[in-house]
Structures are given as structure tokens and as C-alpha cells.
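A look at the structure
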Amino acid sequence: MAFTDYYDDVQHIGIPTKDLAKAEKFWESLGFKKIGDFPSNEVIFMNYGHLTIETWHDETATGKPGAINHISMNTSNADEAFKEAKAAGFDVIDSEVQHLPFWNKGIKFFNIMGPDAEIVEFCEIVK
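Structure report, in brief. Residues take numbers from 1 onward in each chain, read along the sequence in its written order. Local features in this predicted model are restricted to residues of pLDDT 70 or higher, and side-chain atom pairs are both shown and tallied only at a pLDDT of 80 or more, whereas totals for entire chains, interfaces and linings draw on every residue. Calculation of side-chain values draws on the structure's entire complement of heavy atoms; hydrogens and water are dropped beforehand.

1. A few points about the overall build of the protein
We count a stretch as a helix when DSSP gives it H or I for four or more residues in a row; a strand needs E for two or more, and each element gets its number in order from the N terminus. For the protein, the count of helices and strands is 2 helices and 9 strands. Going residue by residue from the N terminus, the α and β elements of the protein occur as β-α-β-β-β-β-α-β-β-β-β. Computed over C-alpha atoms, the radius of gyration of the protein comes to 15 Å, within 12% of the 14 Å expected from 2.2 N^0.38 for 127 residues, which places it in the range of a compact globule. Principal-axis analysis of the C-alpha atoms places the extent of the protein at approximately 40 × 35 × 25 Å. Only protein chains enter the accessibility calculation, which uses a 1.4 Å probe; a residue is then buried when its area is under 20% of its type maximum, exposed when over 50%, and partly exposed in between. Per-residue burial over the protein gives 41% buried out of 127 residues. Taking as baseline every contact in the protein between residues at least 6 positions apart, the subset at least 24 positions apart corresponds to 52%. Accessible surface computed for the protein: about 7500 Å², of which carbon and sulfur atoms make up 54%. For the radius of gyration, the atoms used are the C-alpha atoms, and the globule rule reads 2.2 Å times the number of residues raised to 0.38. Any two residues having at least one pair of non-hydrogen atoms within 4.5 Å are treated as being in contact. For the area figures, the Shrake-Rupley method with a 1.4 Å probe applies, and any residue is considered shielded solely by the protein chains shown.

This is how it looks when you write it as C-alpha cells:
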């Protein structure tokens, strides 16, 4: 299979914030609803229609235009997508598929670097 066979859509856009409560109010004022809250990681997910924003507390990566941290593509098989990304020659940032305890059963993800140092994440919400 080709690498592009392992993802089907944008899953979320990651935007760091210095003030999580302020960011939540901002996104709510635009009609977004909080769909995920992970206090131990200081992360929330806000959704409006088809767009999901992941925002988290980070003092260092904010306050400038272009402070979006990553764009995440949805995959149903992070392990196989990771193998294919490496085989296809992408600049894979992670040495292995990563895991975080988000959602009911966690997520599996990895990141690649784009030509202008943009991060593209490939994320599987474990079912």
C-alpha cells in the first residue's frame, strides 16, 4: 500500500496556549464545544463542525503569528502508516509510534517534518 492509503482526513490542528481557560473561552465564543478535557496533561479538544482544535498549556511556543504546532491527519492504523512513511523516505521525527492516554483507549501517533519545519502528525484514536 502507499503511504496515502493510511490516512483519510484532517483529525485536528494543535495550537499551544499560555492560558488554557482563555483559549477555551475564545474557541467557545466562535461556536466550538469542548469534546475532550485531559487536565493531567493540560490539554483540551474543541470541536466545531468538521474542525477539531487541540490546545494545551505551553509557555514557550505561543504569542507569535504562525504558532500552530502541528496538523494531525486521521489514520486507522498508526503502526502500518509509520512503517510506510519511513519506507517512503519521509523525515520521520519519532523513532517509534508514540502513545498518550487521551480518549477512552488512548491514541497512537507519529510525526513527520515538512520542508519548512512544519509538523504533520498521523494519529489513530484507539478503538
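2. Overview of the environment of Ala61
Topologically, Ala61 is positioned in the loop between β4 (51-57) and β5 (70-74). In this structure Ala61 comes out as partly exposed when scored by relative accessible area, which is 28%. Along the sequence, Ala61 and Val10 sit 51 residues apart, while their C-alpha atoms lie 22 Å from each other.

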